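Structural features, examined
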Amino acid sequence: MGAHSRRPTTAVDLAVPTAPGTASSDAQVRDRYFDTLRALALVRVVAYHTFGWPWAAMAFPSMGVMFALAGTLMAASLQRPALTVIRSRFRRLLPPFWFWGVFVVTAMLVHGWMPGPQIVFWVVPLGDPPGNAWGEQAWEILWYLRTYLWFVLLSPLLLRVFRLAPVPALLLSLAPVVVFQYVWRPPDDRLGTALLDLATYLFCWLLGFAHRDGVLARLRFGPVAVLSLAALAFGGWYALAHQAEYGTYDLDDIPLAQAFWSAGFVTLLMWTKARLGVDLAGLTRYRRLNRLVTVFNARAVTIYLWHELALVLAVPLIDRLWEVPAFETYLPLQSQWFLFGVGWVLIAVSVTACGWVEDVAARKRPKLLP
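Residues numbered from 1 in each chain as written. Predicted model: local features only at pLDDT ≥ 70, side-chain atom pairs only at ≥ 80, totals over all residues. Heavy atoms only, no water.

1. Quick notes on helix 9 (residues 190–212)
Given 3.6 residues per turn, any residue in an α-helix points the same way as the ones three and four places further on. How we decide: Put simply, DSSP marks the helices as runs of H or I at least four residues long and the strands as runs of E at least two long, and each gets a number from the N terminus on. Here, expected helix span is obtained from the residue count minus one, scaled by 1.5 Å. Here the bend at a residue is taken as the angle between two axes, fitted respectively to the seven residues that end there and the seven that start there. Burial classification: accessible surface area is computed with a 1.4 Å probe over protein chains only, and a residue below 20% of its type maximum counts as buried, one above 50% as exposed, and the rest as partly exposed. Polar contacts, as counted here, are pairs of nitrogen or oxygen atoms within 3.5 Å of one another; within protein the pair requires one atom able to donate a hydrogen and one able to accept it, and residues that are adjacent in sequence qualify only if both atoms are side-chain atoms.
A rise of 1.5 Å per residue sets the reference length of helix 9, with its 23 residues, at 33 Å; its end C-alpha atoms lie 31 Å apart and thus fit the reference within 8%. At Tyr201, helix 9 shows its maximal kink, close to 50°. With respect to burial, helix 9 is a largely interior element, 20 of its 23 residues being buried. The N-cap residue of helix 9 is Asp189: its side-chain oxygen and the backbone nitrogen of Leu191 are 3.2 Å apart.

2. Let's talk about unusual backbone geometry
Positive phi outside glycine occurs at Leu280, with the angle close to 55°. Along the chain, the position of Leu280 falls in the loop between helix 13 (255–276) and helix 14 (287–298). Despite not being glycine, Arg363 has its phi angle at roughly 60°, a positive value. Take Arg363: it is sitting in the segment after helix 18 (356–361). Its relative accessible area of 67% is what places Arg363 among the exposed residues.

3. With respect to the packing of aromatic side chains
The line we're drawing: Any two of the Phe, Tyr and Trp rings considered here, Trp counted by its six-membered ring, make a pair once their centres fall within 6.5 Å; the pair's planes then place it as stacked at under 30 degrees, edge-to-face at over 60, or tilted in between. By definition here, charges over rings are those cases where NZ of Lys or CZ of Arg is within 6 Å of the ring centre and within 35 degrees of the ring normal.
Across all of its chains, the model carries 34 aromatic pairs by this definition. Judged by centre distance (6.1 Å) and plane angle (85°), the ring pair of Phe60 and Phe265 falls under edge-to-face. Of the two residues, Phe60 is situated in the loop between helix 2 (56–59) and helix 3 (62–77) and Phe265 in helix 13; the sequence distance between them amounts to 205 residues. For the pair shown, Phe60 and Phe265 are each scored as buried. Here the aromatic cluster, defined as three or more aromatic residues joined through ring pairs, consists of Phe67, Trp143, Tyr144, Tyr148, Phe151, Tyr201, Trp205 and Tyr304. We note Lys273 situated over the ring of Phe34; from NZ or CZ to the ring centre the distance is 5.7 Å.

4. Side note on the confidence of the model for the protein
Stated precisely, the cut-off is as follows: Each residue carries a pLDDT value, the predictor's own confidence for that position, ranging from 0 to 100. Any two residues having at least one pair of non-hydrogen atoms within 4.5 Å are treated as being in contact.
Within the protein, residue pLDDT values average 91, and 92% of them lie at 70 or more. Confidence drops under a pLDDT of 50 for residues 1–28, and excluding neighbours within four residues, the segment shows 131 contacts in the predicted structure.

5. Let's talk about the nonpolar core
Heads up, the rule is: Only buried residues count toward a nonpolar core, which is a set of Ala, Val, Leu, Ile, Met, Phe, Trp, Tyr and Cys residues joined through side-chain atoms within 4.5 Å.
Counting 83 residues, the largest nonpolar core has Phe67, Trp100, Trp122, Tyr144, Tyr148 and Trp205 as its most contacted members. Sequence-distant contacts of Trp100, defined by excluding residues within four places in its chain, comprise Trp122, Ala138, Trp139, Leu142, Leu305, Trp306 and Leu309. Counting residues in hydrophobic clusters, the runner-up holds 14 residues, among them Ala47, Ala310, Phe340 and Val351.

Written out as structure tokens, the structure is:
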């Protein structure tokens, strides 16, 4: 998740970029490789928040993947005027966020929260929105939205700098997180947290640029493999060697390790796509699985925003099941896997009941399911 004990999530952009040099839009031909990565990232996020596995980010660094895919889409879209693209990105994200926020803010007010001027971040989350401890499990995931919006705002400048010297810019994008670790520690406030999260995932965002511009497709396997494995080795070593300092080897709590592990892992995924042309088009032969991937991608924002609330509500729901003797006898009510399953049922309810807001934000006809 985020740089400070926050847990991951998902991409906001749902379109897939065309090949370098072709026209782009927000409604482009689906690429099942990218779509599958998004769906896996969402499943991993929910699983992590259910089971709390510290090794989950090493198995699949969801946030690094999602920022790389979003960077690819942003570079594709910036063939249009920058202000138009930024406005479009904000428009697609904010209405689902506002709709979800009405429920969370109202619940916190009922439970004694007294808002101040910083409630403005519940309108545009360019800083972490305030809240009380009662709603923390719901709003702690908003670090991703905040980081994404800042990357969107910075992308016109970042893309210009990247195109001046693509490979050096990509390699140097890991420098800020190293500086923050060894030279200057950002303050533990909204600004410092935002800077640290941006530094942690800057490489992945620029990696998306590199994929879009065809830079990755021109790189040979040897150097890519060596540098990627070196990044993975350093990130893994740092996490394991500093468990005493952080109290865990969970990458979500260790920004430097997260940055390097994500860099190595996601580079291999994106290079495979760019150089080898892997597209997973055969997925379309499996109708149910293909349909599931489609829904996950079209409702990614809804799943990300509502999944923590679903897991929170699953607990009292399961508690009620204990009151039914047959359920107590035959259902694995104590199992975390049962919680995981009930959580997904409630997520499905959220997608059906609230997912249409994403259609409205994208200026499409609202549907219960895409």
